[in-house]
Amino acid sequence: MTRFFAWFALIFGCLYFLLPLVGMTEFSLKMRRGEYSFDAYRRVFEDQRFWDTFGYSLALSAATIVVGVLLVVPTAYWVRLKLPQARPFVEFVTLLPLVIPAIVLVFGYIRLYNTSSVLPLTGSAFGTDFLLTMGYTTLALPYMYRSVDTGLRTIDVATLTEAAQSLGAGWITILARIILPNVMVAVLSGAFLTLAIVLGEFTMAALLNRPAFGPFMQLLGANRAYEPPALAVIAFAITWGCMGLMQLVTRLSKHERAKA
Amino acid sequence: MSFLTISHLEKAFGSNLVVKDFNLEVAKGEFISLLGPSGCGKTTVLRMVAGFETPTSGSITIGGQEVTGLKANARNIGMMFQAYALFPNLTVADNVAFGLKVKGVPRAERESRVSEMLNLIGLAEMAGRFPFQLSGGQQQRVALARALAPSPRVLLLDEPLSALDAKVRVSLRNEIREIQQRLGITTIFVTHDQEEAMSISDRIVVMNAGIADQVGSPFEIYNRPTTRFVANFVGTLNTFAVKVEDSAAGKVRLGGALLTLPPGLSAGMGAEMAIALRPEALRLGREPGYETVIKGWIEEVHFMGSIIRLRARVAGELVVMDTFNRADQPPPVPGTEVEISLSGKDAIILNG
Amino acid sequence: MAKDTVRRARRRLPLEWLGILPFAIFAVLFLILPTMRIVIGAFQTADGSFTFQNMLDLNTPSIVNAYWTSIKLSLITAGLGCAIGFAMAAAVVFGGLPKGVRSPLLTFSGVASNFAGVPLAFAFIATLGPAGLITIWLRTEFGINLRGMGFNLLSFWGLVITYLFFQIPLMILIIIPALDGLKREWREAAAVLGATGAQYWRMVALPILFPSLLGTFALLFANAFGAVATAFALTGPQLNIVPIKLFAQIRGDVLGNPNLGFALAFGMIVITVIANTIYIVLRVRSERWLK
């Protein structure tokens with residue numbers, strides 16, 4: 001009886017999840033009347049804006065990951081090593097982006113950093129890109145921080161630091177050559193998750209008016225019929241790729257640790 | 001008159017037969033231990049009695065009622081688990097009350113029974129605490145109270161002491177035995193620790209590879225093991241090669257001496273065989289009344305308090321012997337040549 | 001001596017705290033100040049003086065309706081997401097399904113929970129939209145006209161169905177480790193004490209899982225409440241939910257009064273804060289038995 005319900009729940013769930021994937025794939029292949037073809041994909045790939053926006057979002061992902069790592073690794077390390085009393089504050093802040101909707105945050109950015117403010121970031125393209133990167137960093141913050149903090153828990157931060165200090169290493173050396181390599185798996189898995197989040201992000205990029213991949217997809221969706229599902233298939237493949245890479249680094253590191 | 005009867009019980013997981021033709025009759029109020037190495041099937045037998053596993057064949061009856069096909073929650077059995085298994089979300093009192101609550105016992109009755117149980121285990125002042133606030137030993141005592149609260153017909157103990165540290169283990173073991181005797185509850189105790197089994201049980205079932213090798217009192221199991229497995233598994237043994245001189249009279253030759261064995265020798269005249277002697281059957285020095293004296297060299301001395309365990313080399317083999325500590329007589333030092341007395345009447349005959 | 005300690009503590013404290021200064025600056029600039037700006041702006045007139053008028057202006061049928069729809073949407077998708085995700089997770093952990101099911105389900109959940117936003121809307125349009133796979137299949141094979149039956153993907157329930165695509169997997173990802181944490185001995189101890197399966201779940205398993213369930217529900221609620229992209233790509237600006245209204249307001253000032261936008265955003269903050277306060281209070285109460 002239990003097994004019957006178990007199979008029922010699973011099959012019902014799988015149907016719900018698989019049908020939209022089948023639906024979008026099937027639709028994306030129907031551009032040519034009467035036969036399946038990859039025309040929609042060819043159209044997408046021939047569109048220069050696809051490459052431009054995708055490249056732009058990729059670059060922003062990279063910037064977000066770099067900022068995120070530079071921000072999170074030293075902070076998480078320092079909190080573990082010297083400032084355990086700051087933990088509640090830091091954890092509270094890292095959870096805020098899960099509570100405050102992105103659209104509210106970006107609204108605040110627009111009003112706070114507009115052209116007539118002290119820090120007119122939205123006044124230039126570069127300033128807006130910077131602001132968007134910071135916005136993405138806040139979106140990724142909960143995941144990045146948790147991942148790195150869990151990674152730090154598995155190593156003895158205090159002993160490693162003291163050992164490095166006794167050998168004459170400075171803070172930068174310790175962080176870059178001792179701590180970072182030891183939490184590399186956590187950083188990488190946080191990075192791939194960030195990549196997945198940033199590549200498809202719509203709200204912040206649209207409201208800051210930057211040519212990112214998310215707004216491009218939305219624009220295409222509003223004007224075309226067959227390209228959007230093709231884009232959805234591509235986006236799904238990218239998400240799957242990011243998650244796959246995330247699992248891969250975790251599995252490889254487990255393997256490594258088992259060998260050691 | 002047996003209260004709990006297990007007959008021809010078998011359990012197979014796939015093609016792997018883990019319990020083979022297991023038979024046991026337990027009297028009311030008896031404390032029985034299932035003793036054996038891990039994987040011998042003792043836990044599987046217990047889990048079949050509890051109702052967590054369905055036997056492949058055979059039957060289990062409790063107080064005349066056939067329970068083999070009954071679900072676990074209809075058997076009225078109490079059980080203690082190895083890993084405490086207290087419900088972490090309930091207080092000590094609520095844990096103990098659990099079995100009564102699901103039976104629909106009225107609140108007032110429930111409360112008086114709970115305080116009775118908590119007094120029994122001496123944790124009345126912990127009633128409002130949660131399990132994580134208790135030590136391992138306290139948690140296990142609460143688990144005992146929880147198991148006993150609904151007045152079960154049988155109490156099952158699945159290695160309840162093995163997660164505890166040595167001191168607590170001994171005191172809790174005595175407490176369990178004392179409460180069991182006071183309530184007169186029929187109990188089956190699963191353990192791989194022979195000392196635990198011997199100190200606490202009325203009878204022991206030694207299990208090996210799914211079979212009950214021997215059933216008997218601790219005294220019988222230790223002194224008269226019927227199989228080589230039981231002899232080896234329970235206690236320490238020193239084996240000696242002997243030659244049968246007179247099988248009817250039980251006389252064998254060990255070196256130059258003739259030993260008279262207890263009854264039960266089956267090997268024929270002139271046969272080479274082995275006898276075994278417990279460490280305490282070997283005596284240091286020349287003892288009157290012992291049949292022979294052999295020479296040995298002390299290799300190790302372990303002072304354990306009331307007992308001193310010596311390892312000596314005798315004719316190329318290491319033997320283990322226990323002697324009592326005596327304040328006026330320091331133990332020999334390693335390297336000393338010593339004389340060891342032994343006697344055929346203490347020997348365990350290892351047939352086959 | 002006491003004075004000495006105090007002085008040393010005072011001197012040492014700032015140096016140690018310098019270590020998290022970059023993080024603190026980041027938090028202030030990109031999380032706290034923007035939020036404060038909205039809170040303050042919600043109580044200001046266009047020229048900066050204090051007013052309650054923006055709050056009062058929220059009380060129009062259209063805005064109240066938007067909030068109500070948003071809350072309903074978030075509650076329903078969080079509730080259904082929790083229930084269905086729980087059923088699937090329980091099926092995999094306790095249902096006696098083959099072991100090979102578990103790992104693919106977890107991987108897939110990781111992907112699906114991140115497959116939100118614009119492409120998700122496309123996938124559902126291609127499946128349940130007017131020309132979607134299922135819509136056409138039902139019409140040609142069975143003569144069932146979804147539209148005729150009142151179903152419209154670009155509606156509240158269409159949005160619910162779409163949101164569940166990322167809500168359910170998120171629940172599965174969080175609850176499977178929690179279900180794994182339920183020890184077999186608890187179930188056996190309950191059974192041997194005479195409890196039925198239902199009694200075990202009601203008295204032991206669910207109370208133990210309650211904090212995780214509650215936390216996930218709160219997360220799913222916030223997840224749905226703030227989501228813009230999926231709804232926008234699915235329905236465009238016409239669906240009346242708060243994030244879409246705010247989105248339109250930021251883009252084109254459709255409400256006329258720019259400070260009404262602040263009030264709208266402030267309302268969103270208030271609701272998520274209330275939701276999280278309820279969550280924290282319930283969690284503290286349900287976790288007395290935890291370390």
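Fair warning: this is a prediction, and the values are worked out from it, not measured in the lab.

The rules behind these values
Residues numbered from 1 in each chain as written. Chains lettered and ligands numbered in written order. Predicted model: local features only at pLDDT ≥ 70, side-chain atom pairs only at ≥ 80, totals over all residues. Heavy atoms only, no water. Pairing = 2+ DSSP bridges. Helix = DSSP H or I, 4+ residues; strand = E, 2+ residues; numbered from the N terminus. Axes fitted to C-alpha atoms, helices over the stretch in contact; angles between N-to-C directions. Contact = heavy atoms within 4.5 Å. Salt bridge = Lys/Arg side-chain N within 4 Å of Asp/Glu carboxyl O. Buried < 20%, exposed > 50% of the residue type's maximum accessible area, 1.4 Å probe, protein only. pLDDT = per-residue confidence, 0-100. Parallel < 35°, antiparallel > 145°, perpendicular 65-115°, else oblique. Nonpolar A, V, L, I, M, F, W, Y, C, P; charged D, E, K, R; others polar. Phe/Tyr/Trp six-rings, centres within 6.5 Å; stacked < 30°, edge-to-face > 60°. Lys NZ or Arg CZ within 6 Å of the ring centre and 35° of its normal.

Trainee: Sorry, what's going on with the sheet that holds strand E9 (residues 203-208) of chain B here?
Mentor: Neighbouring strands of a sheet are bound in pairs by backbone hydrogen bonds; such pairs are parallel or else antiparallel. All names here are of chain B. Taking strand neighbours across the sheet as the criterion, the six strands line up as E6-E7-E8-E3-E9-E10 in an open arrangement whose pairing is mixed. If you trace the sheet from one side to the other, it starts and ends with strand E6 (77-80) and strand E10 (211-216), each paired once. Taken over all neighbouring pairs, the strand axes of this sheet differ in orientation by 20° on average, direction set aside. Judged from the five bridges that link them, strand E3 (residues 31-35) and strand E8 (residues 186-191) form a sheet pairing that is parallel. Residue pairing across strands places isoleucine 32 opposite isoleucine 188, the latter belonging to E8. The sheet strands contacting helix H1 (residues 42-50) are E3, E6, strand E7 (154-158), E8 and E9, and the helix crosses E7 at an angle near 145°. Most of the contacts of helix H4 (residues 136-148) go to E6, to which it runs at about 170°, and overall it touches E6 and E7.

Trainee: Where do I start with the pattern of salt bridges in this structure?
Mentor: Side chains that differ in charge, positive against negative, can pair when their charged atoms come close. All names here are of chain A. Under the counting rule described, the total for this entry stands at 32 salt bridges over all chains. Of the charged contacts, one joins arginine 210 and aspartate 129 as a salt bridge, the two residues approaching to 2.7 Å between their closest N and O atoms. Of this pair, arginine 210 sits in the loop between helix H10 (203-207) and helix H11 (213-223) while aspartate 129 sits in helix H6 (residues 125-153), and the two are 81 residues apart along the sequence. For the pair arginine 210 and aspartate 129, one class covers both residues: buried.

Trainee: For this particular structure, what's the right way to read the confidence of the model for chain B?
Mentor: Detailed reading of the predicted coordinates is not advisable wherever pLDDT falls low. Chain-level pLDDT for chain B is 88 on average; 99% of the residues reach the 70-or-more range. The spread of mean pLDDT over the elements of chain B runs between strand E13 (residues 257-260) of chain B, the lowest at 80, and E8 of chain B, the highest at 94.

Trainee: Hey, could you run me through the sheet that holds strand E19 (residues 337-342) of chain B in this one?
Mentor: All names here are of chain B. Here we have five strands laid out as an open sheet, ordered E15-E19-E16-E17-E18, and antiparallel in their pairing. At either end of the open sheet lies a strand with only one pairing partner, and these are strand E15 (283-284) and strand E18 (317-324). Inspection of the sheet shows strand E16 (residues 292-303) paired to strand E17 (residues 307-314) by six bridges, in the antiparallel sense. Paired with glutamate 300 across the strands is arginine 311, a residue of E17.

Trainee: Sorry if this is basic, but what is going on with the packing of helix H3 (residues 48-81) of chain A against H11 of chain A here?
Mentor: When two helices pack together, their arrangement is captured by the angle between the axes and the distance separating the axes. Residue and element names in this part refer to chain A. It is at 8 Å that the axes of H3 and H11 come closest, and there the two elements cross at 150°. As the angle between them shows, H3 and H11 are arranged roughly antiparallel. Contacts between H3 and H11 involve Arg49, Phe50, Thr53, Phe54 and Ser57 on the former and, on the latter, Phe213, Phe216, Leu219 and Leu220. A per-class count over the contact of H3 with H11 returns six nonpolar, two polar and one charged.

Trainee: Quick question: what am I supposed to make of the packing of aromatic side chains here?
Mentor: Each aromatic ring pair is described using two quantities: the centre-to-centre distance and the angle formed by the ring planes. With the rule as written, the count across this model stands at 47 aromatic pairs over all chains. Ring geometry for phenylalanine 229 of chain B against phenylalanine 233 of chain B: centres 5.5 Å apart, planes inclined by 10°, an arrangement best described as stacked. In this pair, phenylalanine 229 of chain B and phenylalanine 233 of chain B are both assigned in helix H8 (residues 228-233), four residues apart and thus about one turn of the helix distant. Look at phenylalanine 229 of chain B and you get partly exposed, because its relative accessible area is 22%. For the ring pair tyrosine 200 of chain C and tryptophan 201 of chain C, a centre distance of 5.8 Å and an interplane angle of 70° mean the geometry is edge-to-face. Relative accessible area serves as the criterion here: at 4%, tyrosine 200 of chain C is assigned to the buried category. Taking relative accessible area as the criterion, tryptophan 201 of chain C reaches 23% and is therefore assigned partly exposed. Taken together, the aromatic side chains of Tyr16, Phe17, Phe236 and Trp240 of chain A together with Phe108, Phe115, Phe124 and Phe165 of chain C make up a single cluster linked through ring pairs. Seen from the ring of tyrosine 222 of chain B, arginine 278 of chain B lies directly overhead, with NZ or CZ sitting 4.0 Å from the centre. If you follow lysine 345 of chain B out to its NZ or CZ, it ends over the ring of tyrosine 290 of chain B, 5.1 Å from the centre.

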